[in-house]
Amino acid sequence: MEFYAFIHFNINTFSNMEWGLGDEKPEIFNPSELDARQWAKVAKESGMKGIIITAKHHDGFCLWPTATTEHSVKNSPWKNGEGDVLRELADACKEYGLKFGVYLSPWDRNNAHYGTPEYIDIFRSQLRELLTNYGDIFEVWFDGANGGSGYYGGANEDRRVDKKTYYDWENTYKIIRELQPNAVIFSDAGPDIRWVGNEEGHAYPTTWSNLMRDEVYGGMPEYAPEYSSGQENGTHWVPAEVDVSIRPGWYYHPYEDHKVKTLPQLLDIYYESIGRNGSLLLNFPVDQRGLIHEKDAEQVLKLAAKIKEDFAENLINNLASIESSSDRGHGYTADLIADEKPETYWTMGDEEISGSITMTFDEPTAFNRFLVQEYIPLGQRVKAFTLEVKTDQGWEEIANETTIGYKRILRLPEITTSALRFTVTDAKSVPLISEMGIYNAPNVVVAPIVKRNP
Ligand code: IPT
């Protein structure tokens, strides 16, 4: 999926909080011009493939008219209590060809039953409503911030739970598998995709899609940094998702209007998430009008345009030759890394865990981006690789890195060369390289600050 949107919009948008206490009045939920189609349009034009929304955050307020509680849109003035944000967004996603996902907070600071077994039934009923009434769901998002020790405040603050046992996740997952068999489940512990371990917008240079899944649970205090890079010998395939907000907060606050992340910051996020074997879940704090703020839309569209520009021309198409140190024979040769078909790959004999590909240009060529992908249907294998360029003195190493995974992109200082050599120096098993890319991205031009009357 690579790139998709998070929408944090709920009663916190109106109370100006990040974590509501659960005692907010439904009367304050009243967006003046909510337009889910505008959210979908921004996401689509930014090259995103889906949208996940906070159907219920920690304060317990539900954006859809649930049968499980009175604490929902049905008791708000918005559309005289007849509105359903989930319906509007599901429809908008459909119209714009986007996938649709839901965030449902396990922690509920409003529900009187939170902390008792009854709440688990209520939580599951909420999930059933979301997974039954809104078409296909591609991702179900469970926050690790969920009522264990270390959290403060809240209308039912005394309800501390044991995060490891209280939620009985196995039986909740069964409901998702039954109602939406194609949905992936996110939490710190997977089971399908995992938290990257920070909310700053970066995966780590070493990022394995494998995880010792059964050792982890949502909200586990030692998760970051212990599990943030995944694990080379992880037992399950649980790739990382990087969740980050385009503003400092997840929810909209007017005083953050001048703190929307800028193009250089968003580019760093792009290259350090999607470029490091992660997918990027970029959050928009929808405002009190019920719109993605103009400033946020402007910056994300700048990012989309710059990414398009950076990858406009794959210089791999200009190569005079592609040769490998060895290959597995017909159907597995090195030229397949340039065929733009992810289903074909270069590989060697079963016992070979190191080997290289040399790419030679007709004439000296300048580049500053190198992209490489493993054929992940057969797992993530590369443990270490280098990139060299040909100089008058011979080969010069310009990168010495660890993992690749689904996609790794290196940002390099611009260099002009007649040839590149990519070498896998260590792998768990014979490496399988499906695609490579060589690009020369134009520099970001940042307007100088002109001081008047200095
Ligand atoms: C944080 C949770 O503690 C963590 O377990 C994970 O789910 C994360 O959210 C997802 O972004 S809470 C945050 C305030 C650090």
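Quantities reported herein were computed from a predicted structural model and do not represent experimental measurements. Residue numbers restart at each chain and count upward from 1, following the sequence in its written direction. Totals for whole chains, interfaces and linings use all residues, but because this is a predicted model, local features are given only for residues with pLDDT of at least 70 and pairs of side-chain atoms are given and counted only at 80 or more. Side-chain numbers here rest on the full set of heavy atoms in the structure, without hydrogens or water.

Asks: Explanation requested: the domain arrangement of the protein in the structure shown.
Replies: Often, the extent of an interface is quoted as the loss of accessible area on bringing the components together. Assigned domains within the protein: domain 1 (3-310) and domain 2 (315-439). On a C-alpha basis, the centroid separation for the pair domain 1 and domain 2 is 36 Å. The partner domain 2 presents 19 residues to the 19 residues of domain 1 that form the contact. As used here, buried area is the combined drop in accessible area, with a 1.4 Å probe, of two parts when they are placed together. Of the roughly 1,500 Å² buried at the junction of domain 1 and domain 2 (both faces included), carbon and sulfur atoms supply 48%. A pair is scored as a salt bridge if a Lys or Arg side-chain nitrogen falls within 4 Å of a carboxyl oxygen belonging to Asp or Glu. One can count four salt bridges joining domain 1 with domain 2. In the analysis that follows, any N or O atom pair within 3.5 Å is treated as a polar contact, provided that within protein one partner can donate a hydrogen and the other can accept it, and provided that, for residues neighboring in sequence, both atoms belong to side chains. Summed over the shared surface of domain 1 and domain 2, the number is 15 residue pairs in polar contact (both at pLDDT 80 or more). Three classes are used, and their members are as follows: Ala, Val, Leu, Ile, Met, Phe, Trp, Tyr, Cys and Pro are nonpolar, Asp, Glu, Lys and Arg are charged, and the others, Gly among them, are polar. Considered class by class, the residues forming the side of domain 1 that touches domain 2 number seven nonpolar, seven polar and five charged. An automatic or database domain assignment provides the domain bounds reported here. Any two residues whose heavy atoms approach within 4.5 Å are treated as being in contact.

Asks: How should I be thinking about the sheet that holds strand β2 (residues 50-56) in this particular structure?
Replies: Within a sheet, neighbouring strands are paired by backbone hydrogen bonds and run either parallel or antiparallel to one another. Strand pairing follows a simple DSSP-based rule, namely that at least 2 bridges must link the two strands. Helix and strand definitions here come from DSSP, where helices need a minimum of 4 consecutive H or I residues and strands a minimum of 2 consecutive E residues; each element is numbered from the N-terminal end. Strand order in the closed barrel formed by eight strands is β1-β2-β3-β4-β5-β6-β9-β10, with parallel pairing between adjacent strands. Strand-to-strand twist across the sheet, computed as the mean angle between neighbouring axes with direction ignored, equals 25 degrees. Taken together, the two bridges between strand β6 (residues 193-195) and strand β9 (residues 240-245) define a ladder with parallel strand orientation. Pairing of Trp195 across the sheet is with Glu241, part of β9. Each axis is a line fitted through C-alpha atoms, taken for helices only over the stretch in contact, and angles between the N-to-C directions span 0 to 180 degrees. Running at roughly 140 degrees to β2, helix α2 (residues 36-45) makes contact with β1 (3-8), β2 and β10 (278-285) of the sheet.

Asks: I keep staring at the packing of aromatic side chains and nothing clicks. Help me out?
Replies: One pair of aromatic rings is described through two measures. These are the centre distance and the angle between the planes. Pairing of aromatic rings covers Phe, Tyr and the six-membered ring of Trp, with a centre-to-centre limit of 6.5 Å; geometry is then stacked below 30 degrees between planes, edge-to-face above 60, and tilted otherwise. For the structure on display, the rule yields 31 aromatic pairs. Taking 5.0 Å as the distance between ring centres and 65 degrees as the angle between the ring planes, the aromatic pair formed by Tyr166 and Tyr167 counts as edge-to-face. Taken as a pair, Tyr166 and Tyr167 share a single burial class, namely buried. Centre to centre, the rings of Phe311 and Tyr439 are 4.9 Å apart; their planes meet at 80 degrees, and the pair counts as edge-to-face. Linking Phe311 in the loop between α8 (294-310) and β11 (319-324) with Tyr439 in strand β16 (residues 433-439), this pair joins segments that are 128 residues apart in sequence. An aromatic cluster of at least three residues, connected via ring pairs, comprises Tyr114, Tyr119, Phe123, Phe142, Tyr166, Tyr167, Trp169 and Tyr173. Lysine NZ or arginine CZ positioned within 6 Å of the ring centre and within 35 degrees of the ring normal marks a charge as sitting over the ring. The ring centre of Tyr332 lies 5.9 Å from the NZ or CZ of Arg328, which sits over that ring. A cation over an aromatic ring shows up here: Lys428 above the ring of Trp208, its NZ or CZ 5.5 Å from the ring centre. Only protein chains enter the accessibility calculation, which uses a 1.4 Å probe; a residue is then buried when its area is under 20% of its type maximum, exposed when over 50%, and partly exposed in between.

Asks: Which parts of the structure should I look at to understand the nonpolar core?
Replies: In this structure, Phe29, Trp39, Leu86 and Phe100 are the most contacted members of the largest nonpolar core, which totals 80 residues. Membership of the second largest hydrophobic core comes to 29 residues, among which are Leu319, Val389, Ala399 and Phe422. Side-chain atoms within 4.5 Å link the members of a nonpolar core, which is a set of buried Ala, Val, Leu, Ile, Met, Phe, Trp, Tyr and Cys residues.

Asks: Teacher, can you tell me more about the packing of helix α7 (residues 263-273) against α8 here?
Replies: Two measures define how a pair of helices packs: the angle their axes make with one another and the distance between the axes. Put simply, α7 and α8 touch, their axes get as near as 9 Å, and they point 60 degrees apart. Here α7 is positioned oblique relative to α8, judged by the angle of their axes. Viewed along their axes, α7 and α8 form a crossing whose handedness is right-handed. Mapping the contact onto sequence places Leu263, Leu266, Leu267, Tyr270 and Tyr271 in α7 and Gln299, Val300, Lys302, Leu303, Lys306, Ile307 and Asp310 in α8. Looking at the contact of α7 with α8, its residues break down into eight nonpolar, one polar and three charged. Roughly parallel covers angles under 35 degrees, roughly antiparallel covers those over 145, roughly perpendicular covers 65 to 115, and oblique covers all other angles. Definitions for this section: a left-handed crossing has its near helix turned counterclockwise from the far helix by less than a right angle. A right-handed crossing has that turn clockwise.

Asks: Would you take a moment to explain the side chain of His8 for this structure?
Replies: Checked against the element boundaries, His8 lands in strand β1. Judged by relative accessible area, His8 falls into the buried class, the value being 3%. Reaching out from His8, the side chain makes a polar contact with the side chain of Asn283 at a distance of 2.9 Å. When residues no more than four places from it in sequence are discounted, the contact partners of His8 are Thr13, Thr54, His57, Trp250, Tyr251, Asn283, Phe284, Pro285 and Val286.

Asks: So what exactly am I meant to see when it comes to the site of the ligand here?
Replies: Taken together, 11 residues are adjacent to the ligand, and Asp143, Gly144, Asp188, Glu199 and Asp243 come closest. With respect to the ligand, the side chain of Asp143 contributes an N or O atom lying 3.2 Å from an oxygen atom. Between the ligand and Gly144 there is a distance of 2.7 Å, counted from an oxygen atom to a backbone nitrogen or oxygen. Alone, the ligand offers 390 Å² of accessible surface; in the complex the protein occludes 77% of this. Of the residues assigned to the shell around the ligand, the class counts are five nonpolar, two polar and four charged. One heavy atom suffices: a residue is near a molecule or strand as soon as one of its heavy atoms comes within 4 Å of it. In short, Shrake-Rupley with a 1.4 Å probe defines the accessible areas, and a residue's cover is counted only from the protein chains shown.

Asks: What is the right way to look at the state of the cysteines in this model?
Replies: By definition, a disulfide links the sulfur atoms of two cysteines through a covalent bond. For this text, the term disulfide refers to a pair of cysteine sulfurs within 2.5 Å. Considering all chains together, one arrives at zero disulfides under this definition. With no disulfide of its own, Cys62 lies 19 Å from the sulfur of Cys93, the closest cysteine sulfur. Classification of Cys62 as buried rests on a relative accessible area of 0%. Cys93 gets classed as buried once you look at its relative accessible area, which sits at 1%.

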